[in-house]
Each structure stands twice: as C-alpha cells, then as structure tokens.
Amino acid sequence: MMLRLLVVEDDPAIRAMLQSTLVVEGFEVRTAVSVSEARALLRHAAPDVVLLDLGLPDGDGLDLLRELRREQAIPVLVVSARHQETEKVKLLDAGADDYLTKPFSVGELLARIRVAMRHRGTALSPARTAYDSGTLHVDLAGRMVAVKGQPVHLTPTEFALLARLVRSAGQVVTHRQLLADVWGPEFVDHTHYLRLYMGQLRAKIEERPAEPRHLLTETGVGYRLAAA
Ligand code: CA
C-alpha cells in the first residue's frame, strides 16, 4: 500500500524539496500552501500522515492541529522553523505526534514518519508491552527489566516511569504527560521528581548514564525512549 502524505508548507523551496524527496521514498504526496487548502485536502484526499508547518499565510498550523485532533487520529508531524521549547510542549500537548525543527535531515524525517506510522499502526491492537533494543530488554507484562541479559531491580515508581516511555517508544513524552501518567494529574508541575527518577533509571539502565543511549532528553520538552 502506498502511503499518502499531506505536506502543508507555504515556503515553495521547502515544499518542493519535501515533495521530491518523499516521492522518491515511495510516498504519494499532496501539498497544501495554506490552512484552508489543508482543510479541504484533509477532508477529500484522506492522507495517512500530515507534515505540518506552523507559520501559514492564512493562519497558524497549531489551530489546524487542534481542529484536526477533535475529529481524527491521523499522525501529525510538525515541521517548523520555530524552536522555542514552550512551543514544542504546546504542540505535543495539542496532539502532534512529533516535531522537527528546520533544518533537518531527510533521514531524520523518514525515521520520524516511520515511528509515527508504527505507533499508530499498533494503537488499534493491544498496547505495547515489550521493548528490546538488543541491550535493554523490558517485559511490562512480566515486570522484567534486563540489561545485557542481567536482571535489573527497579522500584515501583522507576518501573512505572520506564513503562510509560516503553508504551511510546521512539516518541517524545512531555514532562507534563509523564508526571500526570506516573504520579497523577496534581503533580504535573513537579518536574524535579522526573529529574530525580530519570537519574536513578539511567544509573541502572545506561552503560554511561551521562551519555544515555536509551533514555534521551528532549531539552525543555520531555523524554524519549530511543526507538528499538
Ligand atoms: Ca511557513
């Protein structure tokens, strides 16, 4: 099946680059240059993934994202020149699957599209319960964690935090989402909990905790468990 991509981008050079690259990679690509055009294509072209720019001539991509999320679960990757951390958090909380800051490499873009698709592909089947990177093995059902075959003992909170990241492996989970899901909605501002427990988890799981390869920091935004 050929995947249909909708590229919403008003910059002609970036739009042309994305279109030619993605067509070569085997995607069927439609493009929109404005919020209103994107709205029409979303209704009539039924894309599988949306690449969304934020600054559009007739509106803000963020508003389109919120509108879209009220109706559809389609993966949305925000591709933007904006890079304030608060903006990223707002986007992820509004329902973006991921974001890429311009300039980005094509390899990175394709990897993020693959992760978003895989994530959505499994969203309808039972929730993800295992993670295996080759060195780190996590079995949520059996509550087993092992590094290079050696079992690792985690406290209940450490396990809950790792489990939340396993369920979204490859994707950024914001600080607020992690705090709400692991500690509860009243703890969403307690980011120091996260720093503390992430430090403990890294000490147990990472070969070099100061240079983590699994539990990655998205500065100012959240954490990402590297895609296995
Ligand atoms: Ca723009």
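Just so it is clear, the model here is predicted, and its values are computed rather than measured. (Residues numbered from 1 in each chain as written. Predicted model: local features only at pLDDT ≥ 70, side-chain atom pairs only at ≥ 80, totals over all residues. Heavy atoms only, no water.)

This part is about the sheet that holds strand 11 (residues 150-151). Sheet architecture is open: four strands sit in the order 8-9-10-11, paired in antiparallel fashion. Where the open sheet ends on each side, the last strands, each with one partner, are strand 8 (130-132) and strand 11. As judged from the two bridges shared by strand 10 (residues 144-147) and strand 11, these two strands associate in the antiparallel manner. Paired with Ala-146 across the bridge in strand 11 is Pro-151. Against the sheet, helix 6 (residues 156-167) contacts strand 8, strand 9 (136-139) and strand 10, and its axis sits at roughly 80 degrees relative to strand 10. (Pairing = 2+ DSSP bridges. Helix = DSSP H or I, 4+ residues; strand = E, 2+ residues; numbered from the N terminus. Contact = heavy atoms within 4.5 Å. Axes fitted to C-alpha atoms, helices over the stretch in contact; angles between N-to-C directions.)

Mapping Glu-218 onto the fold places it in strand 13 (residues 215-218). In this structure Glu-218 comes out as buried when scored by relative accessible area, which is 16%. The contact partners of Glu-218, leaving out residues within four places of it in the chain, are Tyr-99, Val-172, Tyr-223 and Arg-224. (Buried < 20%, exposed > 50% of the residue type's maximum accessible area, 1.4 Å probe, protein only.)

This part covers the domain arrangement of the chain. Taken domain by domain, the chain comprises domain 1 (4-119) and domain 2 (130-225). Averaged C-alpha coordinates put domain 1 and domain 2 at centres separated by 28 Å. Counting residues at the interface gives twelve residues for domain 1 and 14 residues for domain 2. Both sides together, the interface formed by domain 1 and domain 2 hides about 1000 Å², and carbon and sulfur atoms give 49% of it. Counting across the interface, domain 1 meets domain 2 through one salt bridge. Here Asp-98 makes a salt bridge to Arg-224, at a shortest N to O gap of 3.3 Å. At the junction of domain 1 with domain 2, the criterion picks out three residue pairs in polar contact (both at pLDDT 80 or more). Taken together, the elements giving at least two residues each to the side of domain 1 that touches domain 2 come down to helix 4 (85-93), strand 7 (98-101) and helix 5 (106-123). A total of five residues in the side of domain 1 that touches domain 2 trace back to one element, the largest contributor, which is helix 4. Its residues assigned to classes, the side of domain 1 that touches domain 2 shows five nonpolar, one polar and six charged. (Domains from an automatic or database assignment. Buried area = accessible area lost by both parts, 1.4 Å probe. Salt bridge = Lys/Arg side-chain N within 4 Å of Asp/Glu carboxyl O. Polar contact = N/O pair within 3.5 Å; in protein donor to acceptor, adjacent residues only side chain to side chain. Nonpolar A, V, L, I, M, F, W, Y, C, P; charged D, E, K, R; others polar.)

For the calcium ion, every protein donor is listed as Asp-10 (OD), Asp-53 (OD) and Gly-55 (O), and the spread of their distances is 2.2 to 2.4 Å. Within one chain, the residues donating to the calcium ion are spaced in sequence as D-x42-D-x1-G. In this pair, Asp-10 is assigned in the loop between strand 1 (4-8) and helix 1 (12-24) and Asp-53 in the loop between strand 3 (49-52) and strand 4 (55-56), connecting sequence segments 43 residues apart. Owing to a relative accessible area of 5%, Asp-53 belongs among the buried residues under this scheme. (Donors = N, O, S within 2.8 Å, 3.2 Å for Na, K, Ca; no water.)

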